[in-house]
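Commentary on secondary and tertiary structure
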Amino acid sequence: MSLGVRWTLHGDGKTPAPGAVVRPDERLSWPRTFGLGAQHVVAMFGASFVAPVLMGLDPNLAIMMSGVATAIFLLATKGRVPSYLGCSLSFVGVAATIRASGGDSATVTGAVLVVGAALLLVGLAVQRFGARIIHAAMPPVVTGAVVMLIGFNLAPVTASTYWPQDQWTALAVMLFTGLAVVCLRGFLSRIAIFLGLVFGYVLSWVLDLVFGKIHSPAGGAEAVDHWRLDLSAVGQADWIGLPSFHAPAFEWSAILVALPVVIALVAENAGHVKAVGEMTGDPLDDKLGTAIAADGAASMLSTAVGGPPNTTYSENIGVMAATRVYSTAAYWAAACFALLFGLCPKFGAVVAAIPGGVLGGITVILYGMIGLLGAQIWLNGRVDLRNPLNLVPAAAGIIIGVGGVSLKITDNFELGGIALGTLVVITGYHVLRAFAPAHLKTQEPLLDSGTSAYDEDADGPKGPGSPESPESPESPESPEKS
């Protein structure tokens with residue numbers, strides 16, 4: 001049985017011909033392949049290192065387990081889906097909510113482990129029944145609203161925790177990162193978040209040299225004198241060593257907060273598989289369920305030892321699009337680099353020393369981008385918010401999620417924030433749809449962006465634009481392709 005770990009040499013192994021692509025089962029020379037692998041690791045630096053720091057987890061363990069997760073994913077998909085797996089920012093709000101309720105790192109990883117198990121089950125279900133189950137349970141109005149409330153629920157974290165630590169550095173980093181995202185081209189635009197972190201790191205060091213300590217909150221409620229960039233832990237860290245492991249702990253309240261992220265992860269995975277299939281010219285319909293299940297299994301393994309969850313990374317799609325090299329050998333090289341970085345505690349200490357003001361400037365953009373991805377799902381799915389069937393559950397769920405509205409069930413259990421908002425969106429939509437008059441249900445739920453080609457029946461795929469599909473390109477009601 002093929003595991004997708006054999007590659008044929010593309011051409012002479014050097015530069016591909018103009019317009020040519022290096023397919024997943026091909027590779028360039030090994031030095032070039034390892035260079036591309038290193039580039040993939042750098043591409044995911046910005047989010048994959050920031051996410052565990054924001055979640056309060058060990059960045060060394062995060063990067064090491066991202067390498068393990070990538071290897072699991074490549075084996076599960078038998079080398080047909082080139083992808084790097086890193087810590088998803090979708091979980092940052094979950095971690096913040098759990099910690100605000102008194103939970104610790106074990107509680108966070110326990111809750112997320114359950115999310116990984118749920119994602120694994122969804123993947124197996126998609127393998128068995130096809131993407132119709134996604135179509136039925138999570139139309140764009142539901143998915144977009146959930147992604148939006150997850151992102152915007154994070155706003156208080158930036159406003160109350162990171163930004164006050166150094167408001168002027170936060171403002172400068174926000175402006176620099178915004179300019180980098182918009183103005184840079186090619187590969188540099190894909191690592192704009194990472195460049196923003198480097199800029200903020202250096203700026204904080206310069207400000208410490210010029211102005212000395214700053215008087216502001218440093219992760220606590222009271223303002224104290226402290227260095228913007230504290231590198232004391234870096235000097236004490238070893239060059240080689242294992243990261244810190246811990247076992248997960250399970251609490252129902254934390255699990256219910258985390259479970260809604262499954263919806264966002266399914267949408268992310270479906271979009272990734274669709275994009276890779278279009279770029280490589282290899283329809284990956286049969287690998288959608290496998291990819292989702294592999295993400296779930298990898299997340300379960302990572303969180304079982306105290307690491308963060310892992311999911312496919314869109315940053316690496318950008319690297320593939322820029323280089324036109326889709327070789328999975330490069331991703332195996334990236335996984336090896338990640339393992340080596342994870343075994344360097346000094347590297348982790350450098351990441352953990354990112355100043356709070358720098359995180360403030362970065363998270364203003366990152367959290368807003370997560371929330372607005374929900375709006376993009378609405379646009380891609382042509383969700384009509386003039387229709388009260390769509391408007392009412394989405395509006396109620398988003399306000400509950402963003403505002404932190406809670407519902408006390410018993411003295412020891414309550415639903416609130418992300419969990420309650422998601423529950424209101426999903427149940428509200430389906431219950432209202434069951435009782436709504438026929439004229440409000442004329443628009444059938446569409447698949448999420450990136451999954452429109454995966455709705456199959458016995459005769460084969462019938463996505464928008466296929467000859468058999470009622471939503472042909474000539475139809476004015478057909479959704480735009482992503």
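Residues numbered from 1 in each chain as written. Predicted model: local features only at pLDDT ≥ 70, side-chain atom pairs only at ≥ 80, totals over all residues. Heavy atoms only, no water.

An unreviewed UniProt entry lists the protein under the name Uracil-xanthine permease family protein, from Streptomyces sindenensis. Regarding the protein, the relevant UniProt record gives this comment under Sequence similarities (unreviewed entry): "Belongs to the nucleobase:cation symporter-2 (NCS2) (TC 2.A.40) family." In its Subcellular location (unreviewed entry) section, the UniProt entry covering the protein states "Membrane". (UniProt positions renumbered as here; feature names shortened; annotations may be inferred.)

A look at the packing of helix H9 (residues 167–183) against helix H11 (residues 192–211)
Where H9 contacts H11, the axes come no closer than 9 Å and their chain directions differ by 150°. Judged by the angle between their axes, H9 and H11 are roughly antiparallel. Between H9 and H11 lies a crossing whose hand is right-handed. Within the contact between the two elements, H9 uses Thr169, Ala172, Val173, Phe176, Thr177, Ala180 and Val181 and H11 uses Ala192, Ile193, Leu195, Gly196, Phe199, Gly200, Leu203, Ser204 and Leu207. Here the contact of H9 with H11 is composed, by residue class, of 11 nonpolar, 5 polar and no charged. (Axes fitted to C-alpha atoms, helices over the stretch in contact; angles between N-to-C directions. Helix = DSSP H or I, 4+ residues; strand = E, 2+ residues; numbered from the N terminus. Parallel < 35°, antiparallel > 145°, perpendicular 65-115°, else oblique. Left-handed = near helix turned anticlockwise from the far one by under 90°. Contact = heavy atoms within 4.5 Å. Nonpolar A, V, L, I, M, F, W, Y, C, P; charged D, E, K, R; others polar.)

Quick look at the packing of aromatic side chains
For the structure on display, the rule yields 4 aromatic pairs. Centroid distance Phe34 to Phe337: 6.2 Å. Interplanar angle 85°. Geometry classified as edge-to-face. One end of the pair, Phe34, is in helix H1 (residues 30–43); the other, Phe337, is in helix H17 (residues 328–342), with 303 residues separating them in the sequence. For Phe337, a relative accessible area of 26% gives the class partly exposed. Seen in terms of ring centroids, Phe176 and Phe199 are 4.3 Å apart; in terms of plane orientation they differ by 5°. Their pairing is stacked. On the criterion of sequence distance, the pair formed by Phe176 in helix H9 and Phe199 in helix H11 is long-range, its members being 23 residues apart. In this structure Phe176 comes out as partly exposed when scored by relative accessible area, which is 31%. Above the plane of the ring of Trp239 lies Lys346, whose end atom (NZ or CZ) is 5.2 Å from the centre. (Phe/Tyr/Trp six-rings, centres within 6.5 Å; stacked < 30°, edge-to-face > 60°. Buried < 20%, exposed > 50% of the residue type's maximum accessible area, 1.4 Å probe, protein only. Lys NZ or Arg CZ within 6 Å of the ring centre and 35° of its normal.)

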